[in-house]
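# Summary of structural features
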Amino acid sequence: MPAVVLSTLALLLALTATLTAAPAAQAVGPDDYLSAAIKATNGERTSRGLAPLGSSNTCLERFAVRQARKMADARQISHSTNSSAIGPRCGLRLWGENVAQALGSDQGRGVVGLWMDSAKHRANILKRGYRQVAMGAVQRHGSWWVVQVFGTSL
C-alpha cells in the first residue's frame, strides 16, 4: 500500500477517533483494547451473517504483537515485511493483515470502524474463508499501534 494511502488512513483514524471519543472516556490497557477490537470485529461479521472468528492461535498473536511493536518503535504504519512467512510458520492455508495507528483515546472499537470504512480492510474483516483472528496493540507516543492478523488452518 503506498505511503500516501497509509498516511491518509492514519489521519482518518485520528479524526474518527477524535470525533467519536466519549468526553469522559477512561484509558484502557492493551488487554481491554484488544478484547474490544476483537468483539467489534466479530460484531461486524455476525451482523452480516458470518461466523465469528476464533482467537486461540498463539502463532498469529506473536506475529501481530511483534508487528505492532515494530510500528510503534518506528512511529510508522507498515505491513509485516515477512507476511509471506505467516502462513507456513503458523500452519495456515489462508491469511491476511490489517494495520493502523489510532489515537490514544481509542478504546478498541474506533480502529475497527475505520477499517470498515476502507474497502480492502473491510474485505479482510468480512472474508468468509477466515476462521481465526489475532491482534497486537501497543500504546506509545500518544497512539495505539494496532495489527490484526487473520488466518485459516491447513
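Description of the structure in this document.

Cut-offs and rules
Residues numbered from 1 in each chain as written. Predicted model: local features only at pLDDT ≥ 70, side-chain atom pairs only at ≥ 80, totals over all residues. Heavy atoms only, no water. Helix = DSSP H or I, 4+ residues; strand = E, 2+ residues; numbered from the N terminus. Buried < 20%, exposed > 50% of the residue type's maximum accessible area, 1.4 Å probe, protein only. Contact = heavy atoms within 4.5 Å. Disulfide = S-S within 2.5 Å. Pairing = 2+ DSSP bridges. Axes fitted to C-alpha atoms, helices over the stretch in contact; angles between N-to-C directions. Salt bridge = Lys/Arg side-chain N within 4 Å of Asp/Glu carboxyl O.

## A short note on the overall build of the chain
Per the secondary structure count, the chain includes six helices and three strands. In the chain, the succession of helices and strands from N to C terminus is α-α-α-α-β-α-α-β-β. Taken across its 154 residues, the chain has 46% of its residues classed as buried. Restricting to contacts in the chain with at least 6 residues of sequence separation, those with at least 24 account for 71%.

## So, the state of the cysteines
Cysteine pairs can be covalently joined through their sulfur atoms, and such a bond is termed a disulfide. One pass over the structure, following the stated rule, counts one disulfide. The disulfide that involves Cys59 links it to Cys90, with 2.0 Å between the sulfurs. Across the S-S bond linking Cys59 and Cys90, the dihedral sits near -75 degrees, which makes this disulfide left-handed. Separated by 31 residues along the polypeptide, Cys59 in helix α3 (residues 58–74) and Cys90 in helix α4 (residues 83–90) bring together distant segments of the chain. Of the residues examined, Cys90 reaches a relative accessible area of 12% and is grouped as buried.

## Digging into α4
Those residues of α4 that fall on the buried side of the exposure criterion are Ala85, Ile86, Gly87 and Cys90. Looking at the buried residues of α4, the elements they touch are α3, β1 (92–103) and β3 (143–153).

## Some details on the sheet that holds strand β2 (residues 132–140)
Strand order in this open sheet of three strands is β1-β3-β2, and the pairing throughout is antiparallel. Strands with a single pairing partner mark the edges of an open sheet, and in this sheet they are β1 and β2. Within the sheet, the average angular offset between the axes of one strand and its neighbour, ignoring direction, is 15 degrees. In the sheet, β2 pairs with β3 via nine bridges, with the strands oriented antiparallel. Across the sheet, the residue bridging to Val133 is Phe150, located in β3. The sheet contacts of helix α2 (residues 30–46) involve β1, β2 and β3, and relative to β2 the element is tilted by about 140 degrees.

## Considerations on the pairing of β2
Looking along a regular strand, one sees the side chains alternate between the two faces of the sheet. Most of β2 sits inside the fold, with seven of its nine residues counted as buried. Count of turn residues in the β2/β3 antiparallel hairpin: two residues, of which His141 carries a positive phi of about 55 degrees.

## Here we look at the pattern of salt bridges
A complete count under the given rule lists two salt bridges for this structure. Arg48 is paired through a salt bridge with Glu44; the nearest N and O atoms lie 2.7 Å apart. For Arg48, a relative accessible area of 42% translates into the label partly exposed. For Glu44, a relative accessible area of 23% corresponds to the partly exposed category.

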